Amino acid sequence: MLIREILTLKSDTIYSIEPTDSVESAVAKLVSLGVGSLVVLKNGEMVGLLTERDVMQSMVKQGCDLKNAQVSTLMVTEPVVAGADDSVDYARDVMTKSHISHLPIFEKDKLLGIISFHDVARACLKEAKFENSLLKRYIKHWPE
């Protein structure tokens, strides 16, 4: 299964924020949208990624007072990314090894969307169920 297939099941909306926006507004946006990450855009181009985890880690490092801090001080400026034609197995492996929960997906220089580890897990389960049903059908019709 390719990452492209996961993207077809998701909304094509990319939630974003500006690097100069406050962390307070970023957190409010994460909560109101019910998402775990925001793409940081400057002049329409991705310059970083901000996740819930980035905010939490920065709170520990900076003493919880991030209300007036800018998103640019917390965001990951060079996030791990994948291509739309990469496999879901690749996404799972890179997300696990990198300890990340959100993966920006590109096609050439165009950001297509963000997939979460939840999206990857759901795709892997769907694929496993399909393979399982094929195996059961094969065993059921096993020649004697």
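Structure: above.
Let me sum up the structure you'll find in this document.

Conventions and cut-offs
- Residues numbered from 1 in each chain as written.
- Predicted model: local features only at pLDDT ≥ 70, side-chain atom pairs only at ≥ 80, totals over all residues.
- Heavy atoms only, no water.
- Buried < 20%, exposed > 50% of the residue type's maximum accessible area, 1.4 Å probe, protein only.
- Helix = DSSP H or I, 4+ residues; strand = E, 2+ residues; numbered from the N terminus.
- Right-handed = clockwise from strand over helix to strand, strands pointing away.
- Pairing = 2+ DSSP bridges.
- Contact = heavy atoms within 4.5 Å.
- Core = buried A, V, L, I, M, F, W, Y, C linked by side-chain atoms within 4.5 Å.
- Axes fitted to C-alpha atoms, helices over the stretch in contact; angles between N-to-C directions.
- Arc of directions from axis to C-beta.

With respect to the pairing of strand S2 (residues 37-42)
Looking down a regular strand, the side chains alternate between one sheet face and the other. Among the 6 residues of S2, 5 are classified as buried, and the element is accordingly described as predominantly covered. The handedness of the strand S1 (residues 16-17) to S2 crossover, carried by helix H2 (residues 23-33), is right-handed. With 6 bridges connecting them, S2 and strand S3 (residues 45-51) associate as antiparallel partners. Residue pairing for S3: Lys42 is matched across the bridge by Glu45.

Section: the side chain of Ser37
In this structure, Ser37 sits in strand S2. With a relative accessible area of 8%, Ser37 lands in the buried category. Sequence-distant contacts of Ser37, defined by excluding residues within four places in its chain, comprise Leu30, Leu49, Leu50, Thr51, His102 and Ile114.

Regarding the environment of Gly44
Inspection of the secondary structure puts Gly44 in the loop between S2 and S3. In the structure, Gly44 is positioned 71 residues away from Ile115 in sequence and 20 Å away in space, judged by C-alpha atoms.

Observations regarding the nonpolar core
Within soluble globular proteins, side chains that are nonpolar tend to cluster in buried spots. Within the largest apolar cluster, 15 residues are counted, with the highest numbers of intra-cluster contacts made by Leu103, Ile105, Ile115 and Val120. Within the residue set of this core, elements represented by two or more residues are helix H1 (3-9), helix H4 (88-98), strand S5 (102-107) and helix H5 (117-140). In terms of residue count, H4 provides more of this core than any other element does, 4 residues in total. When neighbours within four sequence positions are excluded, Ile115 is seen to be in contact with Ile3, Ile6, Leu7, Lys10, Ala91, Met95, Ser101, His102, Leu103, Ile105 and Val120. In terms of nonpolar packing, the next biggest core, distinct from the first, is built from 13 residues, Ala26, Val55, Leu74 and Met75 among them.

Focus: unusual backbone geometry
Backbone geometry at Asn43 places phi at a positive 55°, although glycine is not the residue there. Tracing the chain through its elements places Asn43 in the loop between S2 and S3. Owing to a relative accessible area of 75%, Asn43 belongs among the exposed residues under this scheme.

Comments concerning the sheet that holds S2
Taken in spatial order, the 3 strands of this open sheet run S1-S2-S3, and their pairing is mixed. Two strands close off the open sheet at either side, each with one partner strand: S1 and S3. Strands in contact with H2 are S1, S2 and S3; relative to S2, the strand with the most contacts, it is inclined by about 130°.

Here we look at the sheet that holds strand S6 (residues 110-116)
Taken in spatial order, the 3 strands line up as S4-S5-S6 in an open sheet, and their pairing is mixed. Only two strands of the sheet have a single partner each, and these edge strands are strand S4 (82-83) and S6. Sheet topology places S4 next to S5; 2 bridges connect them, and they run parallel. Residue pairing for S5: Gly83 is matched across the bridge by Phe106. Contacts from H4 reach S4, S5 and S6 within the one sheet, and its direction differs from that of S5 by about 135°.

Remarks on H2
Listed in full, the buried residues belonging to H2 are Val23, Ala26 and Leu30. Angularly, the buried residues of H2 cover 55° about the axis, an arc narrow enough to put them on a single face. Summarising the geometry of H2, the exposed residues directed more than 90 degrees from the buried face are Val31 and Ser32. Buried positions along H2 lie against S1, S2, S3 and helix H3 (52-62). Gly34 occupies a position one or two residues after H2 and carries a positive phi of about 70°.

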